[in-house]
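Residue-level structural notes
The lines below spell out each chain.
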Amino acid sequence: MAAVLYAGWLWLDGDTPNSGGRRSQWVRSWTIWSHYRDYFPITLVKTVDLDPNKNYIFGFHPHGVLVAGAFGNFCTEATGFSRLFPGLRSHLLMLPFWFRVPLFRDYIMLGGVVSSCKSSLSLSDLSELSVSQAWCPAVEDGLVQTEGSWREVRGQTGMVWSGGGGAGLRVRQPEDRLAERQTVFVVVVSSQNRLQSIMGVAMPLFHARGVFQYSFGLMPYRKPIHTIVGSPVPVVQTPSPSNEDIERLHEVYLQSLTELFETHKHRYGLQEHQHLSFT
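Predicted model, so just to flag it, every value in this text is computed and none were measured. (Residues numbered from 1 in each chain as written. Predicted model: local features only at pLDDT ≥ 70, side-chain atom pairs only at ≥ 80, totals over all residues. Heavy atoms only, no water.)

**Comments concerning the packing of aromatic side chains**
Describing an aromatic ring pair means giving the distance of the ring centres and the angle of the ring planes. Filter applied, for reference: Two rings belonging to Phe, Tyr or Trp (six-membered ring only in the last case) form a pair when the distance between their centres is within 6.5 Å. Interplanar angles under 30 degrees mark stacking, angles over 60 mark edge-to-face geometry, and anything in between is tilted. The numbering of helices and of strands both runs from the N terminus, where a helix is a DSSP run of H or I of at least 4 residues and a strand a run of E of at least 2. Exposed residues in this analysis have more than 50% of their type's maximum accessible area, buried residues have under 20%, and partly exposed residues fall in between, with area computed by a 1.4 Å probe over protein chains only.
A full pass over the atoms with the stated rule returns 14 aromatic pairs. An angle of 80° between the planes, with centres 5.7 Å apart, marks the rings of Tyr36 and Phe71 as edge-to-face. Pair noted here: Tyr36 is in helix H3 (residues 32-39) and Phe71 is in helix H4 (residues 68-74), with a separation of 35 residues, a long-range link. The class for Tyr36 is partly exposed, based on a relative accessible area of 24%.

**Points about the pattern of salt bridges**
Filter applied, for reference: Criterion for a salt bridge: a side-chain nitrogen of Lys or Arg within 4 Å of a carboxyl oxygen of Asp or Glu.
Tallying each qualifying case throughout the model produces 9 salt bridges. Measuring nitrogen to oxygen at the nearest pair gives 3.0 Å for the salt bridge that ties Asp106 to Arg105. Considered together, Asp106 and Arg105 belong to a single accessibility category, that of buried residues. Arg248 is paired through a salt bridge with Asp245; the nearest N and O atoms lie 3.1 Å apart. You can see Arg248 and its partner Asp245 sitting in helix H9 (residues 243-264), 3 residues apart, about one turn around the helix. Taking the relative accessible area as the measure of exposure, Asp245 reaches 24% and is therefore partly exposed. Each of Asp13, Arg22, Arg105 and Asp106 takes part in one network of salt bridges that share partners.

**Notes on the nonpolar core**
Definition in use: We define the nonpolar core as a collection of buried residues of types Ala, Val, Leu, Ile, Met, Phe, Trp, Tyr and Cys that are connected through side-chain atoms lying within 4.5 Å of one another. For this analysis, residues touch if any pair of their heavy atoms sits within 4.5 Å.
Formed by 23 residues in total, the largest nonpolar core has its most connected members in Phe58, Phe81, Phe85 and Val113. Among the elements of the structure, strand E2 (55-58), H4, helix H5 (81-84), strand E3 (88-94) and helix H6 (104-110) are those that each provide at least two residues to this core. Apart from the residues within four sequence positions on either side, Val113 is in contact with Cys75, Leu92, Met94, Phe99 and Ile108. With 5 residues, the next largest nonpolar core counts Tyr39, Phe40, Ile42 and Ala68 among its residues.

By themselves, these are just geometric observations and shouldn't be taken as functional.
Here is the structure:
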């Protein structure tokens, strides 16, 4: 009987992830999130004030396998997002696949998670949402740490010109997160690409530490995660941008991300010879 009732609820509530979600400030403020923050620990670093009368898209690099930093910073108040950026309301974008998982979908929406489809992003202009929102897309993680450099996949431009139906200014926000990938060790196998093409979501194999030992397990390593929010890149909304427009804006964004990385890398243990390179 319970399964039938919940199936009816899913049918009635199926479009909620695409129409703003079901964000709960009470859930975001639970005390347990402070312990979650302190486990790694996670810090959110503000470098510039953001105008609460504008909308922002935060590019998140890298989000890692567990998306630990994105969840702690933008789905809870443990790192003080609302205090650091008053007037902004954060929503984390996730692949539509996760909103097909019973109960889990309802849980993540309470933290402000919504679907990564275009209609979700367009909702940042709806008048009934009383405050601007910081949309933080947890895009496919393309940042790989190698000896002497950090490499990022260059070709992700889909978020640069999204949500073209609304009015006003969208600002793309460079954001760099150091040490996120060090929280787990990823095992890459050839079948993962095939699984991703079938399911629409990457399912990596990984291991980290255990509860009482540090050599093997599924608990993430206790590595500090520093999320640094850079200066916004102004974007003039264009209903039908050309490929040249997109590439031009993408170049500006990559340059801003590089400058953010170079400015802050020294205080987080990186050496002068380590640079951000795009492939």
